[in-house]
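Take a look at the letters that make up each chain.
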Amino acid sequence: MARDGALYVCQSCGATHAKWSGQCSACNAWNTLVEEIASRPPGALAPARGAKARGLSFEGLASETPSPQRISTGVAEFDRVCGGGVVPGSAILLGGDPGVGKSTLLLQVCAEAARRGARCAYISGEEAVEQIRSRAHRMGLADAPINLAAETALRDILDGLKRDPFDLVVIDSIQTLWSDAHEAGPGSVTQVRACAGELIRLAKKKGVAVILVGHVTKDGQIAGPRVVEHMVDAVLSFEGERGYPFRILRGAKNRFGATDEIGVFEMGDSGLSEVKNPSALFLNEGGQRAAGAAVFAGLEGSRPVLVEFQALVAPSAYGTPRRAVVGWDSGRLAMVLAVLEARCGLGFGTRDVYLNVAGGLRISEPAADLAAAAALASSAVDVALPQDCVVFGEVSLSGDVRPVSRMESRLKEAAKLGFARALAPSSAAEAGGCVVTGVSRLMDAIDRIREERWD
Ligand code: TYD
Ligand code: MG
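In what follows, the accompanying structure is described. Only a predicted model underlies this, so the values are computations on that prediction, with no experimental measurement involved.

About the thresholds
Residues numbered from 1 in each chain as written. Chains lettered and ligands numbered in written order. Predicted model: local features only at pLDDT ≥ 70, side-chain atom pairs only at ≥ 80, totals over all residues. Heavy atoms only, no water. Near = heavy atom within 4 Å. Polar contact = N/O pair within 3.5 Å; in protein donor to acceptor, adjacent residues only side chain to side chain. Helix = DSSP H or I, 4+ residues; strand = E, 2+ residues; numbered from the N terminus. Nonpolar A, V, L, I, M, F, W, Y, C, P; charged D, E, K, R; others polar. Axes fitted to C-alpha atoms, helices over the stretch in contact; angles between N-to-C directions. Parallel < 35°, antiparallel > 145°, perpendicular 65-115°, else oblique. Contact = heavy atoms within 4.5 Å. Pairing = 2+ DSSP bridges. Buried < 20%, exposed > 50% of the residue type's maximum accessible area, 1.4 Å probe, protein only. Core = buried A, V, L, I, M, F, W, Y, C linked by side-chain atoms within 4.5 Å. Domains from an automatic or database assignment. Expected span 1.5 Å × (residues − 1).

1. Looking at the site of ligand 1
Then, in step 1: Residues in close proximity to ligand 1 total 16 residues, the closest being G99, S103, T104, G268 and G271.
Then, in step 2: V100 places a polar main-chain atom, nitrogen or oxygen, 3.4 Å from an oxygen atom of ligand 1.
Then, in step 3: One nitrogen or oxygen atom from the main chain of G271 is found 2.7 Å from an oxygen atom belonging to ligand 1.
Then, in step 4: Going through the elements one at a time, α2 (102–115), α3 (129–138) and β11 (262–268) are the ones with two or more residues in the shell around ligand 1.
Then, in step 5: Counting residues per element, the shell around ligand 1 draws most heavily on α2, at three residues.
Then, in step 6: Its residues assigned to classes, the shell around ligand 1 shows four nonpolar, seven polar and five charged.

Right, dumping it as structure tokens:
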């Protein structure tokens, strides 16, 4: 029997249930319901008896007051992903796997912004002040005038922020905070929601930009509090493959800018350094390109990025052949394989397929279909693509190759990096000196690869 006022809250999706059960009926996750004491969030509607409504006062879109100037943090890649600097009074959630470099990035952002005159606070619930200090020292940021604190009690943090005026506050991480107004433990949905809510309210009221760090679970969701994603103005994710130095900052939601921008960083001994021109970063340097490799002329946000797709198609030793993919969507791989089988007569039923995007980048553009198909076909027929060839185009289920966005910029960037030829949708026209071998059907592309016909 539930205690009075007790609720069972799913730690995965935040749905509330009156009774405990093994499975959440909202998101179907198992063993995620945890008892939490219901308490009315501050500011929620009080029982309306006797209270008098005041009506609304409407305002027009045009306004006399200029919008506040964005805070330029001095970390240009970070500013770009935020849409050109951090908006005062906004709340940003930064998610990422443990150890990817979230604390490092935000310490750097804080330090650079403080050096430019912004009043910055870095509040950590995970590290002691001495640890942060020694990290900053190692990163050459020891002279930056940041205000450090190690604190997890929400009440103290709010009080501190009310007393001192700040422009930018980093909370590392939202899961370590706890509010004494709630009984649930730190990291539970109730606590995370309450703490984020209070901090966001303070941010709006005082015009402080608040950046919250959120941990990410194994399956890639910002742990438990997906609710927080709805509350903040921007959700950024920091990604990187283990073993590669490159880290990518991606916007998943942004009320103040485009969401498809990325920022590229390289993790080194003294912190993160920005990569201003990442277009050639993910290409394998030197050497002959072997069968199974295709260079994809991609776009990440507003910037062209060239990246190598590597495929290996090998006889399978088991009844069920393996499909392994790194850096690309496995559903998309299954689709491209099915189209290659059904429309181009290439058989993969008894062969293992491995597909890898070089350099640790994750590609999500549909324009990569043709590059993946070319890499797979090249490995299957054991014929290498020309060294100076890039590939892009979307493949439909009918086996057609469809045009993609901004083909001219892709070709120009490829030409700049020494690629003279592109296997691309037939509507693409030569640009920047990169000649187009146009294909309208995937079958044509495969025939050209097999017969090495590139005129
Ligand atoms: P950190 O920012 O603590 O990760 P997060 O806050 O996302 O959990 O980064 C930790 C990793 O970064 C750790 O594996 C070491 C590496 N690192 C460097 O390689 N160089 C550096 O200068 C710093 C500060 C960290
Ligand atoms: Mg950290």
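2. Points about the packing of helix α7 (residues 330–344) against helix α10 (residues 442–451)
Then, in step 1: Close contact between α7 and α10 brings their axes to 10 Å; oriented N to C, the two are set at 85°. Viewed along their axes, α7 and α10 adopt a mutual orientation that is roughly perpendicular. Here α7 contributes V339, L340, R343 and C344 to the contact with α10, which in turn contributes L442, M443 and I446.
Then, in step 2: Tallied by class, residues from the contact of α7 with α10 come to six nonpolar, no polar and one charged.

3. Focus: the sheet that holds strand β2 (residues 16–17)
Then, in step 1: Taking strand neighbours across the sheet as the criterion, the three strands line up as β2-β1-β3 in an open arrangement whose pairing is antiparallel. The open sheet has two edge strands with one neighbour each: β2 and β3 (33–37).
Then, in step 2: The sheet contact formed by strand β1 (residues 6–10) and β3 spans five bridges and is antiparallel. Note on β3: the bridge partner recorded for A6 is I37.

4. Here we look at the pairing of strand β10 (residues 246–254)
Then, in step 1: In terms of burial, β10 is largely enclosed, as seven of its nine residues are buried.
Then, in step 2: Examined bridge by bridge, strand β9 (residues 234–239) and β10 share six bridges and lie antiparallel to one another. When the bridges of β10 are listed, L236 appears paired with G251.
Then, in step 3: In this sheet, β11 lies alongside β10 in antiparallel orientation, the contact comprising five bridges. Within β11, the residue paired with L249 across the bridge is G263.

5. Description of the nonpolar core
Then, in step 1: Core analysis: the biggest nonpolar cluster contains 68 residues, and F309, W328, L340, L376 and L442 have the highest contact counts within it.
Then, in step 2: The element that contributes the greatest number of residues to this core is helix α8 (residues 369–381), accounting for nine residues.
Then, in step 3: Mapping this core onto the domain boundaries places at least three of its residues in each of domain 2 (76–276) and domain 3 (281–451).
Then, in step 4: In this structure, W328 is in contact with F309, L333, V336, L355, V357, R362, I363, E365, A368, D369 and A372, ignoring residues within four places of it in sequence.

6. Notes on α7
In an α-helix, one turn spans 3.6 residues, which is why side chains three or four residues apart end up on the same side.
Then, in step 1: Here α7 is 15 residues long and its end C-alpha atoms lie 20 Å apart, about the 21 Å a rise of 1.5 Å per residue gives.
Then, in step 2: Restricting attention to buried positions, one finds in α7 the residues L333, M335, V336, L337, V339, L340 and C344.
Then, in step 3: The secondary structure elements touched by the buried residues of α7 are β15 (323–326), β16 (351–357), α8, β18 (394–395) and α10.
Then, in step 4: Of the residues trailing α7, G345 is marked for its positive phi of about 75°.

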